[in-house]
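What follows is the residue order along each chain.
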Amino acid sequence: MSSENLPQSPEQHPESSSERPLRKPRVAVVFGGRSSEHGISVVTAGAVLRAIDRAKYDVLPIGITTDGRWALTADEPERMAIADRQMPNVDDLSDSVEGGVLLPLAPGNREVVYSEPGSVPKALGEVDVVFPMLHGPYGEDGTLQGLLELSGVPYVGSGVLASAVGQDKDYMKRVFTSFGLNVGPYLVIRPREWQQDEAGARQRIAEFAGDHGWPLFIKPARAGSSIGITKVDSFDGLDEAIAEAQRHDPKILVEALLRGREIECGVLEFEDGPRASVPAEIPPVQAHDYYDFEAKYIDSTPGIVPAPLTPEETAEIQRLAVEAFEAASCEGLVRADFFLTDDGRFVINEINTMPGFTPISMYPQMWEKSGVGYEELVDRLIQAALNRSTGLR
């Protein structure tokens, strides 16, 4: 990226020691990343970039490539969409294959720098808040949040602990169980167990299948967007399913089938605390055996918003969604996913601390039906982050 194309620093004005710069707050939208959810992160960031009020905020798009380089990208959200069933990626959006963005590392310094080999580093101005549109490991899991805490830079969404808990389905279920929330039957196979006693791990899975029956779902413990999940109907497909899950995470989860309806509910933090949206139902997608990645993002059918529930069921899932938000010490936003089982129980499947966030994603749709439009939703999240203290809270 040539220096003449670099984003310009927002205009600075003299300030006294008690005043902030007289300028619009600057939002760094960070997206992409090293996880297998790179593409959907780019799509989500494109939608957020379109929605941010440019009369109210300055914007700095920063993409993280699949190999971890922080790249400046053009502010061109129209290039950040699924095209011909293919996901976009940061490498195609970055004009430089070597230049990198450097965030501040010292609290009190919010100056962002762009550097290319053989060139003088260029200051891009201060960033007031980061909107991390990253999904999966190395971004949604507390790693980026920890970096921003060290820098003292406010950011949208949950902190380090809640982000880590929300990414790791093993510990997420443990937290929910400790707070009295219902979770479905599951088994965890850790990397060391698989490496040192593969036969013993297989035996545990066999015993789990004996207790809960087939089919089973084999999934990565720390991935999202339904990536790496396989439904297996017998031992014949087990090895392939385990290998697919371990391509994304060496720690895997084995879950029993829950028969019922898939219901989701959004939680948003307001000035007086978290509130729940109207819930949505995820209908079965034709030609897909379950709600996998392609069913979710490529061949998706509209969710039913609001979900056809009784008033009592609606109130109950809203209560449980807020309870899950509080149990994991979340901030900002969460999408809580449940099963309404055939025997009438709500069983929590997982939470997403940075859910899919395009206008057609379920989280924004639920809030749209609850009276909070997409642009207002983005603005509320930015304002909440700007008003939140950094450090321990």
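A brief structural summary. Computed from a predicted structure; not experimentally measured. (Residues numbered from 1 in each chain as written. Predicted model: local features only at pLDDT ≥ 70, side-chain atom pairs only at ≥ 80, totals over all residues. Heavy atoms only, no water.)

**So, the overall build of the protein**
For step 1, the next point in the chain: Helix and strand counts for the protein come out as twelve helices and 16 strands.
For step 2, the next point in the chain: Here the C-alpha radius of gyration of the protein, 22 Å, is about what a compact globule of 393 residues would show, namely 21 Å.
For step 3, the next point in the chain: In terms of overall dimensions, the protein has a C-alpha envelope of 70 × 50 × 40 Å along the principal axes.
For step 4, the next point in the chain: Across the 393 residues in the protein, those meeting the buried criterion constitute 53%.
For step 5, the next point in the chain: Relative to all contacts within the protein whose residues are 6 or more apart in sequence, the contacts with residues 24 or more apart total 65%.
For step 6, the next point in the chain: For the protein, the exposed area adds up to about 17300 Å²; of that, 49% sits on carbon and sulfur atoms.
For step 7, the next point in the chain: Put simply, the protein has 36 plus and 61 minus side-chain charges, and the middle of one group is 2 Å from the middle of the other. (Helix = DSSP H or I, 4+ residues; strand = E, 2+ residues; numbered from the N terminus. Rg over C-alpha atoms; globule rule 2.2 N^0.38 Å. Buried < 20%, exposed > 50% of the residue type's maximum accessible area, 1.4 Å probe, protein only. Contact = heavy atoms within 4.5 Å. Areas by Shrake-Rupley, 256 points an atom, 1.4 Å probe, with all protein chains shown as cover. Lys, Arg positive; Asp, Glu negative; His and termini not counted. Charge placed at Lys NZ, Arg CZ, Asp CG, Glu CD.)

**Some words on the pairing of strand E5 (residues 111-115)**
For step 1, the next point in the chain: Of the two faces of E5, only the one carrying Val 112 and Tyr 114 is buried; Glu 111, Val 113 and Ser 115 on the other face are not.
For step 2, the next point in the chain: Here strand E4 (residues 100-102) runs beside E5; their pairing, made up of three bridges, is antiparallel. If you follow Gly 100 over to E5, its bridge partner there is Ser 115.
For step 3, the next point in the chain: Note that E5 and strand E6 (residues 122-126) share four bridges and pair antiparallel. Within the sheet, the bridge partner assigned to Val 112 lies in E6 and is Gly 125.
For step 4, the next point in the chain: In textbook terms, the turn of a hairpin is the stretch between consecutive antiparallel strands, and for E5 and E6 this stretch comprises six residues, one of which, Gly 118, has a positive phi near 80°. (Pairing = 2+ DSSP bridges.)

**Some thoughts on the pairing of strand E16 (residues 346-352)**
For step 1, the next point in the chain: Of all seven residues making up E16, seven are buried, and the element is well covered by its neighbours.
For step 2, the next point in the chain: As defined by bridge partners, strand E15 (residues 333-341) adjoins E16 across six bridges and the pair is classed as antiparallel. Opposite Ala 336, over in E16, you have Ile 351 as the bridge partner.
For step 3, the next point in the chain: Connecting the antiparallel pair E15 and E16 is a turn made up of four residues, with Gly 344 showing a positive phi of about 90°.

**Points about helix H3 (residues 143-151)**
For step 1, the next point in the chain: Those residues of H3 lying buried are Leu 144, Gln 145, Leu 148 and Ser 151. End-on view of H3: buried residues confined to an arc of 120°, all on one side of the axis.
For step 2, the next point in the chain: Buried residues along H3 sit against strand E3 (70-72), strand E7 (129-133) and helix H4 (160-167).
For step 3, the next point in the chain: Where H3 terminates, the next one or two residues include Gly 152, which has phi positive at roughly 70°. (Arc of directions from axis to C-beta.)

**Observations regarding the packing of helix H1 (residues 38-51) against helix H12 (residues 374-387)**
Pairs of packed helices are described in terms of their axes, by the angle between the two and the distance that separates them.
For step 1, the next point in the chain: Between H1 and H12, the shortest axis-to-axis distance is 9 Å and the interhelical angle comes to 95°. When the interaxial angle is binned, H1 and H12 end up roughly perpendicular. Along its contact with H1, which presents Ala 47, Val 48 and Ala 51, the element H12 presents Tyr 374, Glu 375 and Val 378. (Axes fitted to C-alpha atoms, helices over the stretch in contact; angles between N-to-C directions. Parallel < 35°, antiparallel > 145°, perpendicular 65-115°, else oblique.)

**So, the environment of Ala 327**
For step 1, the next point in the chain: Examined against the element boundaries, Ala 327 turns out to sit in helix H10 (residues 311-327).
For step 2, the next point in the chain: Distance in space between the C-alpha atoms of Ala 327 and Thr 177 is 9.8 Å, their sequence separation being 150 residues.
For step 3, the next point in the chain: Those residues in contact with Ala 327, other than ones at most four positions away along the chain, are Val 175, Phe 176 and Phe 179.

**Looking at unusual backbone geometry**
For step 1, the next point in the chain: Omega for the peptide link from Trp 214 to Pro 215 comes to 0°, which places this bond in the cis form.
For step 2, the next point in the chain: Tracing the chain through its elements places Pro 215 in the loop between helix H7 (198-212) and strand E9 (216-220).
For step 3, the next point in the chain: Put simply, Val 305 and Pro 306 share a cis peptide bond, and its omega is -5°.
For step 4, the next point in the chain: Within the fold, Pro 306 resides in the loop between helix H9 (293-297) and H10.

**Observations regarding the sheet that holds E4**
For step 1, the next point in the chain: The three strands are arranged E4-E5-E6 in an open sheet whose pairing can be described as antiparallel. Every interior strand has two partners, whereas the edge strands, E4 and E6, have only one. Each strand of the sheet is rotated relative to its neighbour by a mean of 25°, with strand direction disregarded.

**Topic: the nonpolar core**
For step 1, the next point in the chain: Membership of the largest hydrophobic core comes to 34 residues, with the highest contact counts inside it found for Val 29, Phe 31, Ile 52, Phe 131, Met 133, Phe 357 and Val 378.
For step 2, the next point in the chain: Elements represented by at least two residues in this core include exactly strand E1 (26-32), H1, helix H2 (90-93), E7, strand E12 (260-270), helix H11 (362-369) and H12.
For step 3, the next point in the chain: When near neighbours in sequence (up to four residues on either side) are disregarded, Val 29 contacts Ala 45, Leu 49, Ile 52, Val 59, Leu 60, Pro 61, Ile 62, Phe 131 and Met 133.
For step 4, the next point in the chain: Core analysis: the next-biggest nonpolar cluster, separate from the first, contains 26 residues, Val 165, Met 172, Phe 176 and Ala 328 among them. (Core = buried A, V, L, I, M, F, W, Y, C linked by side-chain atoms within 4.5 Å.)

**Points about the environment of Gly 46**
For step 1, the next point in the chain: Secondary-structure assignment places Gly 46 in helix H1.
For step 2, the next point in the chain: Once the C-alpha coordinates of Gly 46 and Ile 348 are considered, the two residues, 302 residues apart in sequence, prove to be 30 Å apart.
For step 3, the next point in the chain: Not counting the four nearest positions on each side in its chain, Gly 46 is found in contact with Pro 77 and Met 80.

**Description of the packing of H4 against helix H5 (residues 169-178)**
For step 1, the next point in the chain: Contact geometry of H4 with H5 gives a least axis separation of 5 Å together with a crossing angle of 105°. Here H5 runs roughly perpendicular to H4, going by the angle between their axes. Along its contact with H4, which presents Val 165, Gly 166 and Gln 167, the element H5 presents Lys 169, Tyr 171, Met 172 and Val 175.
For step 2, the next point in the chain: For the contact of H4 with H5, the per-class residue count stands at four nonpolar, two polar and one charged. (Nonpolar A, V, L, I, M, F, W, Y, C, P; charged D, E, K, R; others polar.)

**Structural notes on the packing of aromatic side chains**
Two measures describe an aromatic ring pair: the distance that separates the ring centres and the angle between the ring planes.
For step 1, the next point in the chain: Applying the stated rule across the entire model yields six aromatic pairs.
For step 2, the next point in the chain: Here a set of aromatic residues connected by ring pairs shows up, and it is made of Phe 131, Phe 357, Tyr 363 and Tyr 374.
For step 3, the next point in the chain: The ring centre of Tyr 138 lies 4.0 Å from the NZ or CZ of Arg 34, which sits over that ring.
For step 4, the next point in the chain: In this structure, Lys 173 packs its charged tip against the face of Tyr 186, placed 5.5 Å from the ring centre. (Phe/Tyr/Trp six-rings, centres within 6.5 Å; stacked < 30°, edge-to-face > 60°. Lys NZ or Arg CZ within 6 Å of the ring centre and 35° of its normal.)

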